[in-house]
Amino acid sequence: MISGRPTVIQKKMEPSLYTVKAVLILDNDGDRLYAKYYDDTYPTVKEQKAFEKNIFNKTHRTDSEIALLEGLTVVYKSNIDLFFYVIGSSHENELMLMAVLNCLFDSLSQMLRKNVERRALLENMEGLFLAVDEIVDGGVILESDPQQVVHRVALRGDDVPLTEQTVTQVLQSAKEQIKWSLLR
């Protein structure tokens, strides 16, 4: 600390809730199936795709689970024809990032009935979007228990739009809402 002000190094090492920089899922050709970036490290789609190709080229032939690439910590896992990546800063705790990765993978495994492969994932993209949103929000880890994630995704999946409900479902929903408003 110089003259009571924190140095640049101290500012970078301050603890932060913003641990995840990106969540990626690539196929076995390195093409993007899902990508969510939580900061502006790679602001354009062109830069993001170049980073994704670089990450895939460095990791698709190895059996390890952690890589340091372009000043970032990358934890990853492969399964059949998918590669899952969770990315954080270079000083981020790898165990925290691995907890996010395992939660995502285990949640998808339960939601897809252990059939975690490209075709099944593409058919259930809405579940993937909901699961990632339950696990990470804006780079902040919200949940690391796959059971809780699957439960919350199932609850949110039950919210069928009014136009897609049958008359009986609409009447039942209206009865429930009236009952709860009277009990208040």
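You'll find the structure just up there.
Residues numbered from 1 in each chain as written. Predicted model: local features only at pLDDT ≥ 70, side-chain atom pairs only at ≥ 80, totals over all residues. Heavy atoms only, no water.

Caption draft 1: Here's a closer look at the packing of helix α3 (residues 94-111) against helix α5 (residues 125-135). Taken N-terminus to C-terminus, the directions of α3 and α5 make an angle of 145°; their axes are 10 Å apart at the nearest point. Two packed elements cross with a definite hand, and for α3 against α5 that hand is right-handed. Within the contact between the two elements, α3 uses Val100, Cys103, Leu104, Ser107, Leu108 and Met111 and α5 uses Gly127, Leu128, Ala131, Val132 and Ile135. A class-by-class count of the residues in the contact of α3 with α5 yields nine nonpolar, two polar and no charged. (Axes fitted to C-alpha atoms, helices over the stretch in contact; angles between N-to-C directions. Helix = DSSP H or I, 4+ residues; strand = E, 2+ residues; numbered from the N terminus. Left-handed = near helix turned anticlockwise from the far one by under 90°. Contact = heavy atoms within 4.5 Å. Nonpolar A, V, L, I, M, F, W, Y, C, P; charged D, E, K, R; others polar.)

Caption draft 2: Geometry of helix α2 (residues 45-59). Its 15 residues place the ends of α2 21 Å apart at the C-alpha level, agreeing with the 21 Å of an ideal helix rising 1.5 Å per residue. All of the buried residues along α2 are Gln48, Phe51, Glu52, Ile55, Phe56 and Thr59. Down the axis of α2, the buried side of the element spans an arc of 135°, and every buried residue falls inside it. α2 presents Lys46 and Lys58 as exposed residues on the side facing more than 90 degrees away from its buried surface. Buried residues along α2 sit against β1 (22-27), β2 (32-37), β3 (66-69), β4 (72-79) and β5 (82-89). (Expected span 1.5 Å × (residues − 1). Buried < 20%, exposed > 50% of the residue type's maximum accessible area, 1.4 Å probe, protein only. Arc of directions from axis to C-beta.)

Caption draft 3: Broad picture of the nonpolar core. One finds Val20, Ile25, Phe84, Leu104, Leu121 and Leu128 to be the most contacted residues of the largest nonpolar core, which totals 31 residues. Listing elements by their share of this core, those giving two or more residues are β1, β2, β5, α3, α4 (118-123), α5 and α6 (146-157). Element by element, the count of residues in this core is highest for α3, at eight residues. Discounting chain neighbours no more than four positions away, the residues touching Phe84 are Leu24, Ile25, Val75, Tyr76, Lys77, Leu101, Leu104, Phe105, Leu108 and Val116. (Core = buried A, V, L, I, M, F, W, Y, C linked by side-chain atoms within 4.5 Å.)

Caption draft 4: Structural detail: the environment of Lys77. If you trace the backbone, Lys77 turns up in strand β4. The sequence separation of Lys77 and Asp63 amounts to 14 residues, and the corresponding C-alpha distance is 8.8 Å. Residues within four places of Lys77 in sequence aside, it is in contact with Leu82, Phe83, Phe84, Leu101, Asn102 and Phe105. A polar contact is formed between the side chain of Lys77 and the side chain of Asn102, at a distance of 3.0 Å. (Polar contact = N/O pair within 3.5 Å; in protein donor to acceptor, adjacent residues only side chain to side chain.)

Caption draft 5: Here's a closer look at the pairing of β4. In terms of strand pairing, β3 meets β4 through four bridges, oriented antiparallel. Bridge pairing links Ala67 to Val74 in β4. Taken together, β3 and the strand that follows it, β4, pair antiparallel across an intervening segment of two residues, in which Glu70 is found at a positive phi of about 50°. In this sheet, β5 lies alongside β4 in antiparallel orientation, the contact comprising eight bridges. Among the inter-strand pairings, Ser78 is bridged to a residue of β5, identified as Phe83. (Pairing = 2+ DSSP bridges.)

Caption draft 6: Focus on the pattern of salt bridges. The tally for this structure, following the rule as stated, stands at nine salt bridges. The closest approach of N and O atoms between Arg118 and Asp27, which form a salt bridge, is 3.5 Å. With Arg118 in helix α4 and Asp27 in strand β1, this residue pair connects regions lying 91 residues apart in the sequence. For Arg118, a relative accessible area of 33% translates into the label partly exposed. Assessed through its relative accessible area of 4%, Asp27 is described here as buried. (Salt bridge = Lys/Arg side-chain N within 4 Å of Asp/Glu carboxyl O.)

Caption draft 7: Structural context of the side chain of Ser89. When you line up the elements, Ser89 lands in strand β5. Residue Ser89 is classed as buried on the basis of its relative accessible area of 12%. What Ser89 contacts, discounting residues up to four positions off in sequence, is Thr19, Lys21, Gly71, Leu72 and Thr73.

Caption draft 8: Geometry of α3. With 18 residues, α3 extends 25 Å between its outermost C-alpha atoms, agreeing within 8% with the 26 Å of an ideal straight helix rising 1.5 Å per residue. Among all positions in α3, only Leu97, Met98, Val100, Leu101, Cys103, Leu104, Phe105, Ser107, Leu108 and Ser109 are buried. Looking one or two residues past α3, Arg113 carries a phi angle of roughly 55°, positive in sign.

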